[in-house]
Every structure is written in structure tokens, then in C-alpha cells.
Amino acid sequence: MLDYLPAVRTGQQDPNRDRSSRIKDASVPVTSVKSRRGTAADGTIRSTPPSDRRSRRLSRRQTLKKILRYRVIYLMLAPAILTYIVFNYLPMYGVTIAFKDYWLSRGILGSPWIGLYNFKVILGLDKFWQVFRNTIVINALKLAFVFPAPVVLAILMNEVRSRKFKRTVQTVVYLPHFISWVVISGIVLALLSVDNGLVNTILESLGGRKIPFMIRSEFFRPILIITEIWKEAGWGTIIYLAVLCTIPQELYEAAVIDGAGRFGRTLHVTLPALTAIIATMLILTVGNMTIGNFDQVLNLYNPMVYDVGDIIDTYIYRVGLGEGKFGMGTAVGLFQNTINLVLLLAANNLAKRVTGSSLY
Amino acid sequence: MVIDKSRGAKLFEAANTVFLCLTVALTLYPFWSVLVMSLMPYSEAIKTSFYLFPTRVTLDAYRYIMASDRLIRGLGYSVYVTVLLVFYQLWITSMAAYGFTKKDLPGRNALLTLIIITMFFGGGLIPYYLLVKAVGLVDSLWVMVIPAGVNTFHLILIKSFIGSIPSEMEESAIIDGAGFFRIFRSIIVPLSSSVLATVGLFIAVGQWNNWYTPLIFINDREKWPLAMLLREILINNQTGYLQPGFMVNRDIVLIRSVKMGVVIVSIVPIILVYPFIQRYFVKGVMIGAIKS
């Protein structure tokens, strides 16, 4: 205790000492004072190799001093770090359930190991492969139709000359992003309803027959795509518009001098400027190929369209949680997570080679 | 902008304007039709389904909603967990964000790595469920608050803002003998009020819309917030239990109007705060995108 007290006090006084040196040399920014001190320590290491141990002890003492000086900061970080550890890292340990015959009454530690049994079971299930295929197909369709939508919309919005009009369009198209999938599905169900829904009324007035859209498999994926475009295409433009703002006007002027028309300018100036950001967004999308939009599907699907609409995430929820097959559900989740990680790294690698820009 | 006066350019401009106007109309129409449907009396509603304006307005649906104890209680819970989370998460996240601006903090990179990893790998739904169950949060409203105490995106957003505050501000406070917590409370927080307000609104909208957490963790229907009740009413078609015994002859006709009325009740708060968020979120998204 007695050793500890003076140490605390020096810890407290340390910032003051720092400050006095800063005041003397006011022109040097704070960080450089610190880094200069750091390089000085490195310098001693390099200039006197025999006293290596001594300088290491010295730097360790410096670190210790810093830790003491920053002890309040650590306290301020603690609630956040604790939340991460409890709610993000402890569940990672729970992944071991995938390799166990999990019994609720025995807990994770008490349940017996069964190796890869759960994986063998799920990989042998037709239903598993169906939801796996559905997830990939739906995401591939979204990549083809939903992904380009904000790019096109952003380019068109960028061509608008009136500022007021542009801002109005922006305000409106960002709005659906803030509405939950529950509400959007509710609206979709009302609009597509056989019972006096808008779309069926139009069909009928055109001489067609009513179609029960929500329970017909062939309509489910188009509905997913259209609703996602409606909800997220506007929001997605933000990032592209921000990049478009940074294109220097001179480039456009030069293109005009070179005889480029409106389309030529888009092709040779606008699109090349967007390549890097499009590549980045593509990496993220491809990397998340095995992760479906749980919120969207759960609120729009029903047993009649499970064959085309059930995805890995909804399957884990229904079977793992709903039917209490914890081990199986965890195994499916781990399988999905692993593929996802590999895909993300592969996509990133590819992008690095092709465009020279990568995420990590 | 390059001024181009050729006929093709004018044609394109006109077509573009028409297209964007159409986009705006298509985005707004569903909301408008929900409002109109909620206001129509049954006798009018069964005649047609394409409404630009309600032919006759009635507030029956809203009267019905107001008379439902369960909906009113759900509304109360939503307000409660939303306010609670806004302050709890802002407090925890901004403190951590301030801590991470100390670049020479020993262990800083290790802790940041710890946080980044969680963006790429997690335990998955079931281990998470079992953990929440183990810490006793199942069927408690706190499950909507405590696990959501930090959000990595918000943390990065606030951190980059605090990092841009000139360090001279802090130094003068150190000279005055203030500790880190004092500095945080009386210098950092007031100076970053704009970013804190923005993030606060983000948190509020997210929590207001949150039906996922109660779906997984709250089995007790009496504790459901509005978003979860909304799901039950809209998706699972459970309008009947809103007000047991009230669904007799005349009132059954109101089902669709009631549904749409609940939608309006749930999105009005979002539309009210929307202009405030909108001012900042573009900047926020940009910072987040650049950092990640």
C-alpha cells in the first residue's frame, strides 16, 4: 500500500510535468512531444545495445506510468469493453454447442462432446440445402437488381441542376430507410391483398383476374427485390453522391472540349470516378452473400413460399430457437459465419488485385 | 455545371426530371395511401382501393386504438425503452469514444482490435440467446437496453468527432487541474453536443422500430413495446386480442383501418424527428464509410 501511494501521486503529477514542457515549447503540437520522447527512447536502445535490458525496463516503467496516469480513462472505457466481452465474446464461446449434444439442464460445460455430428446431420438435410440455395440465389438476384439501383439513381440526381429540387428528392428518397420492415411489410400486404388491395383492383379493372401474390412462389423473390429497392435505393445514394461531389468541374469542361456529349461525360468522367467506391460496396455485398435479410424475409414470408423464400437466418430462428434444436441451429450459424468470412477475405483479395483498392 | 443547350441535353433533362418526380411519387404514395385507408369509413373503403383523397373522413380507427389498453401500454413501453437506451448508450459510448482518442494509451490498439473483430465474427443467434438467458435478461425490458449499451458504428462516429476537437481546449483544463472525467463532462460533452444529438436520434429511431429483440427475448405479451405489437397486428393478423370483446359486428369492418391507424401512430414520431436527423446523417454516414 505504501509503495503504491507515491506511485499514484507521480501518476497524477505526470500530466503536469508534460504540460510544463509543452508550455516551454508551445510551437510543437502535443502529439509530437510524445512521439519525440518515444523516439528518444528508441534512440537509446539503438545507440547502446549492451544495456538493452535496462532500457526495456525503462520503457516498461514508462508504460506503467502512463497506465497510472490514464487510470480514469480505463475506468471510462470499462463499461463499453465489458459490454463487448459479455455480449459479443461470451457468445463466441457458446459456439462450442455446435460440437456438443446440448442439454438445457446440463448447460454448455456439462453437455457431452459429439464432434462433428451436428454438422453431419445438417449437411444431410435437404431442407438445409434448400435454405442455403435460397439465400445465395436471393442475394445474387439482389446483387444484380438492387445493387446498381442507387448508383443509377445517384448519377441521375447528380445531373439535376436545380439545388432545391435535388434536395427535395433526397429528403424523400431517404425516408423509407427509417421505416421498419414490419411497417413496410404491413403496407405491402395491404397493397397486394386479394381483398380490395390496390394492385389487384387495378388488375381487375384491366380485365385481369385477382392474384394472391403473397402465397405464390413465383412472386416472392420479385417482391423481395422490389421492396428492397423501394426501401434502400435512396439511402444507398448518399455514399455515391458524396463521391460525385468531389469530381472537379474542370474534368467535365475538358470532356466537353474533347467533344463529349452528356452520355460521354457520364461514361468517361462520372463512372471512372465511382469505380473505387463501387468496388468497395461490391466487396461488402459479395462478402455477405450467405447472410440474408432476416427482417425483410421474416415479415413477408409464410409457409406457402418457404420453398423459395426461406433463408438460413430464418431457418436458424425457426428450427434452432422455435423448435429448440440448439446444437443444430448453432452449427448452421457457424457454417454460415465461416463461409462468410472466407468470402469476405476472397472478395477483398480480388478487389485489391483488380482495382488496387481494398477494405483491409 | 457545364451548360449544354443542345436539344438532346434538354430532352434528357426533361426526362430525368420526370423520372425523379415519379420516384418521389412512388416513394410517398404508400405512406399516403396508409393515411387515407386509416381515415376511411368502412362504407367508403369497400367501394374502391385507389385513393388520392379520402371521400369521407372518420377517426373511428384512432378512437379504437386509443381505447385499447394494450396498445397504449405498448406505446408507453416504447417511449420508456427508447429514452432509456438513448441516454444509456450515449453515456457508455461517448465515454469510450473519448478514451480511444488518447492515442498513446497503452493497450489502445488491442482494445480497438477487440472491437473490430466483433464486426466480422459473432457467436450467432443461439449462443447469444443462451447467454442473454443465462444473465437473466429474458422477459425483462432491460434486454432492450443493456446489451445495446455500445454500438460500434456510433462509437467510431463520436470518436472521430471528439478527435477533431483542438487539444488546446483540453490542455488548458489540465492546467486548471481538472481530471479526465471532469474534462469529459465539462468540455468534451458540451463541445460534441451536435454529434451526440445526431447519434441520439439514430439510437431513438432504431429502438422505436425494434421488434427483433422483443420477438426473440420477450415472451410475455404484456411487456411488448409498440413495434412488436405492430408486427403481431400487421403480419400475424392478430387484431382481435387488442381489445377482447370489442370485436362485434360493426367493428370488424374497421380491421384494415385499425391496422393502418397503428402504422400511422408508429411512424409519426419518426417523421417528426426526421428533419433533425436528416441534417446530420449524411455527414455521419460518410465518416462511418471512410473509417470502415
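None of the values given here were measured: they were computed from a predicted structure. Within every chain, residues take consecutive numbers counted from 1 along the sequence as written. Here chains are named by letter from A upward and ligands by number from 1 upward, in the order in which they appear as written. Given that the model is predicted, a residue must reach a pLDDT of at least 70 before its local features are reported, and side-chain atom pairs must reach 80 or more before they are shown or counted; all residues, however, enter totals for whole chains, interfaces and linings.

1. Describing the overall build of chain B
Here is step 1 of the chain: Numbered from the N terminus, helices here are DSSP runs of H or I no shorter than four residues, and strands are runs of E no shorter than two. When its secondary structure is counted, chain B shows 14 helices and zero strands.
Here is step 2 of the chain: Each residue is classified by how many other C-beta atoms fall within 10 Å of its C-beta atom, where C-beta atoms are placed from the backbone; a count of 20 or more means buried, 12 or fewer means exposed, and values in between mean partly exposed. Burial statistics for chain B: of 292 residues in total, 38% are counted as buried.
Here is step 3 of the chain: Two residues form a contact once the distance between their C-beta atoms, set from the backbone, is within 7 Å. Taking the contacts inside chain B whose residues are at least 6 apart along the sequence as the reference set, 76% of them involve residues at least 24 apart.

2. Brief notes about the overall build of chain A
Here is step 1 of the chain: Summing up its helical and strand segments, chain A has 18 helices and zero strands in all.
Here is step 2 of the chain: Across the 360 residues that make up chain A, the buried fraction comes to 30%.
Here is step 3 of the chain: Sequence-distant contacts in chain A: of pairs separated by 6 or more residues, those separated by 24 or more amount to 64%.

3. Some thoughts on the domain arrangement of chain B
Residues and elements named next belong to chain B.
Here is step 1 of the chain: Note that the domain bounds were set by an automatic or database domain assignment. Under the domain assignment used here, chain B contains domain 1 (1–58) and domain 2 (60–292).
Here is step 2 of the chain: With nine residues of domain 1 in contact, the opposing surface of domain 2 contributes ten residues.
Here is step 3 of the chain: Every element with two or more residues in the side of domain 1 that touches domain 2 is listed here: helix 1 (7–39) and helix 2 (42–45).
Here is step 4 of the chain: If you tally residues by element for the side of domain 1 that touches domain 2, the top one is helix 1, at four residues.
Here is step 5 of the chain: When residues are grouped by polarity, Ala, Val, Leu, Ile, Met, Phe, Trp, Tyr, Cys and Pro land in nonpolar, Asp, Glu, Lys and Arg in charged, and all others, Gly among them, in polar. Grouping the constituent residues of the side of domain 1 that touches domain 2 by class yields seven nonpolar, two polar and no charged.

4. Quick word on the packing of helix 7 (residues 152–163) of chain B against helix 10 (residues 193–208) of chain B
Residues and elements named next belong to chain B.
Here is step 1 of the chain: Every angle, taken between N-to-C directions, lies between 0 and 180 degrees, and every axis is a line fitted to C-alpha atoms, over only the stretch in contact when it is a helix. Where helix 7 contacts helix 10, the axes come no closer than 10 Å and their chain directions differ by 170°. On the basis of their axis angle, the class for helix 7 and helix 10 is roughly antiparallel. Across the interface between the two elements, His154, Leu157, Ile158 and Phe161 of helix 7 pack against Val195, Val199 and Phe202 of helix 10.
Here is step 2 of the chain: Across the contact of helix 7 with helix 10, the residue classes tally to six nonpolar, one polar and no charged. Orientation is classified from the angle alone, with under 35 degrees giving roughly parallel, over 145 giving roughly antiparallel, 65 to 115 giving roughly perpendicular, and any other angle giving oblique.

5. A closer look at the interface of chain B and chain A
Here is step 1 of the chain: The interface of chain B with chain A comprises 80 residues on the first partner and 76 residues on the second.
Here is step 2 of the chain: Taken together, the elements giving at least two residues each to the side of chain B that touches chain A come down to helix 1, helix 4 (69–100), helix 5 (108–120), helix 6 (125–134), helix 8 (167–175), helix 9 (180–191), helix 12 (226–234) and helix 14 (255–291) of chain B.
Here is step 3 of the chain: Here the side of chain B that touches chain A gets 14 residues from one element, more than from any other, and that element is helix 1 of chain B.

6. Points about the nonpolar core
Here is step 1 of the chain: Core analysis: the biggest nonpolar cluster contains 127 residues, and Val183(A), Val332(A), Ala96(B), Ile158(B) and Leu230(B) have the highest contact counts within it.
Here is step 2 of the chain: The leading source of residues in this core is helix 4 of chain B, at twelve residues.
Here is step 3 of the chain: Not counting residues within four places of it along the chain, the set of residues in contact with Ile158(B) comprises Thr93(B), Ser94(B), Ala97(B), Ser192(B), Val195(B) and Val199(B). Working definition: the nonpolar core is a set of buried Ala, Val, Leu, Ile, Met, Phe, Trp, Tyr and Cys residues, joined through C-beta atoms within 7 Å.

7. Here we look at unusual backbone geometry
Residue and element names in this part refer to chain B.
Here is step 1 of the chain: Unusually for a residue other than glycine, Asp139 sits at a positive phi of about 70°.
Here is step 2 of the chain: Mapping Asp139 onto the fold places it in the loop between helix 6 and helix 7.
Here is step 3 of the chain: Asp139 sits in the partly exposed class, given 13 other C-beta atoms within 10 Å.

8. Topic: helix 12 (residues 217–245) of chain A
Here is step 1 of the chain: Across its 29 residues, helix 12 of chain A extends 43 Å between first and last C-alpha, which sits within 8% of the 42 Å expected from 1.5 Å per residue.
Here is step 2 of the chain: Fitting axes to the seven residues ending at a residue and to the seven starting there, one defines the bend at that residue as the angle between these axes. Of all bends in helix 12 of chain A, the biggest is about 45°, found at Glu232(A). Expected span of a helix: the number of residues minus one, times 1.5 Å.

9. What about the confidence of the model for chain A?
Here is step 1 of the chain: Per-chain confidence: chain A averages 82 in pLDDT, with 84% of residues scoring 70 or above.
Here is step 2 of the chain: Contacts from residues 1–48 of chain A, a stretch scored under 50 in pLDDT, to residues over four places away or in other chains number 27 contacts. A residue's pLDDT is the predictor's confidence in that residue, given on a scale from 0 to 100.

10. Thoughts on helix 9 (residues 163–174) of chain A
Residue and element names in this part refer to chain A.
Here is step 1 of the chain: Taking 1.5 Å per residue, twelve residues should reach 16 Å; helix 9 reaches 17 Å between its end C-alpha atoms and fits that length.
Here is step 2 of the chain: Of the positions making up helix 9, those classed as buried are Val169, Val173 and Tyr174. Projected onto a plane normal to the axis of helix 9, the buried residues spread over an arc of 120° and lie on a single side. To obtain the arc, one takes the directions from the helix axis to the C-beta atoms.

11. Some words on the domain arrangement of chain A
Residue and element names in this part refer to chain A.
Here is step 1 of the chain: Domain annotation of chain A identifies domain 1 (4–69), domain 2 (75–110) and domain 3 (117–355).
Here is step 2 of the chain: Distance between the C-alpha centres of domain 2 and domain 3: 32 Å.
Here is step 3 of the chain: The interface is formed by six residues belonging to domain 2 together with six residues belonging to domain 3.

12. Points about the packing of helix 17 (residues 312–322) of chain A against helix 6 of chain B
Here is step 1 of the chain: With their axes 10 Å apart at the nearest point, helix 17 of chain A and helix 6 of chain B run at an angle of 45° to one another. With respect to their mutual orientation, helix 17 of chain A and helix 6 of chain B come out oblique. The way helix 17 of chain A lies across helix 6 of chain B gives a crossing that is right-handed. Contact residues: helix 17 of chain A offers Ile316(A), Tyr317(A), Gly320(A) and Leu321(A), while helix 6 of chain B offers Leu125(B), Ile126(B) and Tyr129(B).
Here is step 2 of the chain: Looking at the contact of helix 17 of chain A with helix 6 of chain B, its residues break down into six nonpolar, one polar and no charged. Handedness of a helix crossing follows the sense of rotation of the near helix relative to the far helix, less than a right angle counterclockwise being left-handed and clockwise being right-handed.

13. Some remarks on the environment of Ala140(A)
Residue and element names in this part refer to chain A.
Here is step 1 of the chain: Secondary-structure assignment places Ala140 in helix 7 (residues 126–145).
Here is step 2 of the chain: Given 12 C-beta atoms within 10 Å, Ala140 falls into the exposed group.
Here is step 3 of the chain: Placed 146 residues apart in sequence, Ala140 and Val286 show a C-alpha to C-alpha distance of 8.6 Å.

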